[in-house]
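In case you want the letters, here they are:
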Amino acid sequence: MSRKPAASGPRVAVIGAGSWGTTFGKILADGGADVTMWARRPEQAQEIAEAKRNSQYLPGINLPRSMTATHHLSMALDGVDQVYLSVPSQSLRENLKALRPILADSDVRVVSLMKGVERRTGLRMSQVIEQELRCDPERIAVASGPNLALEIAREQPTAAVISSVSQDTAEIVARAARNRYFRTFVNTDVIGTEFGGVLKNLIAVAIGIVDGVGYGENTKASIITRGLVEMTDFAVANGAQPETLQGLAGLGDLIATCQSPLSRNNTAGRLLGQGYSYQDVVKQMNQTAEGLASVAPVLQLARDAGVDMPIVEQVKRVLDGTMNPRDIAPHLTTDDDTPQGERTQNGQADGGGALRRAFQRAFDQFRNGGRSAGGN
Ligand SMILES: NC(=O)C1=CN([C@@H]2O[C@H](COP(=O)(O)OP(=O)(O)OC[C@H]3O[C@@H](n4cnc5c(N)ncnc54)[C@H](O)[C@@H]3O)[C@@H](O)[C@H]2O)C=CC1
Ligand SMILES: O=C(CO)COP(=O)(O)O
């Protein structure tokens, strides 16, 4: 048996050996980390550990020799510095319950690779992690960006963003999760970074519907552009910074997911556009299409924040079978047709965020006796 090459980086575990978890394990191992994958199924763990393959999720890809795998959680987590989570979002909470006894009182950093919100609570994945592990948010990071797994597994050059409320954590994780084909940037806007990944899935379902019914590039470009406005309004109303949505986790991922036939959300939309019902689509998908479960909680959050999301609303109606996919448009056809400002529904550049920040700066300056309060 060949000896495992020594790692130069941190010891990490990746929980979930589907297409993204396994690809991220490869990214980390190729960057020098000592990686152990945890797979739910023993035969999958065995294939990764022994054959250095994950033939179901990454056909044709050779995994690094240094990467190993187990289906025993305690073995995967033994002595780790960082844990990366990549299971379907709706199963995260139950998985965290098993991790809690091992991770709760440690200083291990926990990184979400997922792009969904919890259907029952509307919580983002980092919020579910914080609740279930009862851990300091400074220990949590999220990774997002235009990251179609199979392209990265083929080592095609790609960028991503690592976000944490702690700049330190973001930088530590970004240093581990980079190599010659994968470059990570950092930010501290966790809300914007997570919602970017969640919301582009919903717009990708809409674009799939457009493809499925056979409409062309104008319809797609209109929906992508108005979709970005919808994403920005929603995220900003929920506390994000608008510029995050212009970055890799917003616009970048929107482009990748809407354009690629590799996208499962796009594929699900295409089937809906071709006339398959929601139930048929779920049966046909053998991988995770997070957008389908995120539609309802996102619309609820939008209603709570007073944000209109006409494109996401139409996706919901198609899923519910109450709208003909051929009626999909960048606007609701039932809308009143009063001309709207283009940039956002409020006619402001970022849903009011810039205005709010300007007020905050003026207020801080006033409090400081006319001196600048510093920061931004
Ligand atoms: N595949 C991609 O290109 C990317 C995916 N993501 C995100 O990564 C997350 C994981 O997605 P993928 O790896 O693509 O999905 P996948 O469908 O390829 O794999 C899911 C994995 O989770 C396992 N699993 C299913 N139910 C489970 C449960 N109840 N408990 C534990 N494990 C369970 C499956 O056995 C499989 O190993 C999603 O949130 C997705 O949005 C993010 C970026 C890229
Ligand atoms: O998040 C992704 C690319 O960044 C993957 O998209 P899908 O989940 O639609 O395949």
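Quantities reported herein were computed from a predicted structural model and do not represent experimental measurements.

Conventions adopted
The residue numbering used here restarts from 1 in each chain and proceeds along that chain's sequence as written. Both sets of labels track the order of writing: A upward for chains, 1 upward for ligands. Reporting of local features is limited, given that this is a predicted model, to residues whose pLDDT is at least 70; pairs of side-chain atoms are given and counted only at 80 or more, and all residues count toward the totals for whole chains, interfaces and linings. Hydrogen atoms and water are omitted, and side-chain values are computed over all heavy atoms in the structure. One heavy atom suffices: a residue is near a molecule or strand as soon as one of its heavy atoms comes within 4 Å of it. Whenever a nitrogen or oxygen atom comes within 3.5 Å of another N or O atom, the pair is scored as a polar contact, on the condition that within protein one atom can donate a hydrogen and the other can accept it, and that pairs from neighbouring residues in sequence are kept only if both atoms are in side chains. Under the convention used here, a 1.4 Å probe and the Shrake-Rupley method define accessible areas, while residue burial counts only the protein chains that appear. Secondary structure elements follow DSSP: runs of H or I of four or more residues count as helices, runs of E of two or more count as strands, with numbering from the N terminus. Amino acids are sorted into nonpolar (Ala, Val, Leu, Ile, Met, Phe, Trp, Tyr, Cys and Pro), charged (Asp, Glu, Lys and Arg) and polar (every other residue, Gly among them). Domain segmentation is taken from an automatic or database assignment of domains. Any two rings among Phe, Tyr and Trp, with Trp reduced to its six-membered ring, count as a pair given centres within 6.5 Å; such a pair is stacked if its planes are under 30 degrees apart, edge-to-face if over 60, and tilted if neither. The buried label applies to any residue whose accessible area, calculated with a 1.4 Å probe on protein chains only, is under 20% of its type's maximum; exposed applies above 50%, and partly exposed to all values in between. Our definition puts a charge over a ring when NZ of Lys or CZ of Arg is within 6 Å of the ring centre and also within 35 degrees of the ring normal.

J.: Which parts of the structure should I look at to understand the site of ligand 1?
T.: Taken together, 25 residues surround ligand 1, and among them Ser-19, Ala-149, Arg-264, Thr-288 and Glu-290 come closest. Within the backbone of Gly-18, one N or O atom sits 3.2 Å away from an oxygen atom of ligand 1. Measuring from an oxygen atom of ligand 1, one finds a side-chain N or O atom of Thr-288 at 2.7 Å. Notes on ligand 1: free accessible area 830 Å², of which the protein chains cover 90%. Breaking the shell around ligand 1 down by element, the ones donating at least two residues are helix H1 (19-30) and helix H4 (92-103). Broken down by element, the residue count for the shell around ligand 1 peaks at three residues, all from H1. Here the shell around ligand 1 is composed, by residue class, of nine nonpolar, 10 polar and six charged. Both of domain 1 (11-188) and domain 2 (202-353) provide at least three residues apiece to the shell around ligand 1.

J.: Mind showing me how you'd approach the packing of aromatic side chains here?
T.: Pairs of aromatic rings are described using the distance from one ring centre to the other and the angle between the two planes. Throughout the structure, instances matching the rule amount to four aromatic pairs. With centroids separated by 5.3 Å and ring planes inclined at 80°, the aromatic side chains of Trp-20 and Phe-24 adopt a geometry described as edge-to-face. Here Phe-24 and Trp-20 lie together in helix H1, a separation of four residues that amounts to about one turn. Across the pair, exposure class does not vary: Trp-20 and Phe-24 are buried alike. Between Phe-195 and Phe-234 the ring centres are 4.9 Å apart and the planes differ by 90°, which places this aromatic pair in the edge-to-face class. Pair noted here: Phe-195 is in helix H8 (residues 190-213) and Phe-234 is in helix H9 (residues 217-237), with a separation of 39 residues, a long-range link. By the burial criterion, Phe-195 is buried, and Phe-234 matches it. Three or more aromatic residues joined by ring pairs make a cluster, and in this case those are Trp-20, Phe-24, Tyr-84 and Phe-182. The aromatic ring of Phe-195 is capped on one face by Arg-124, whose charged end is 5.7 Å from the ring centroid.

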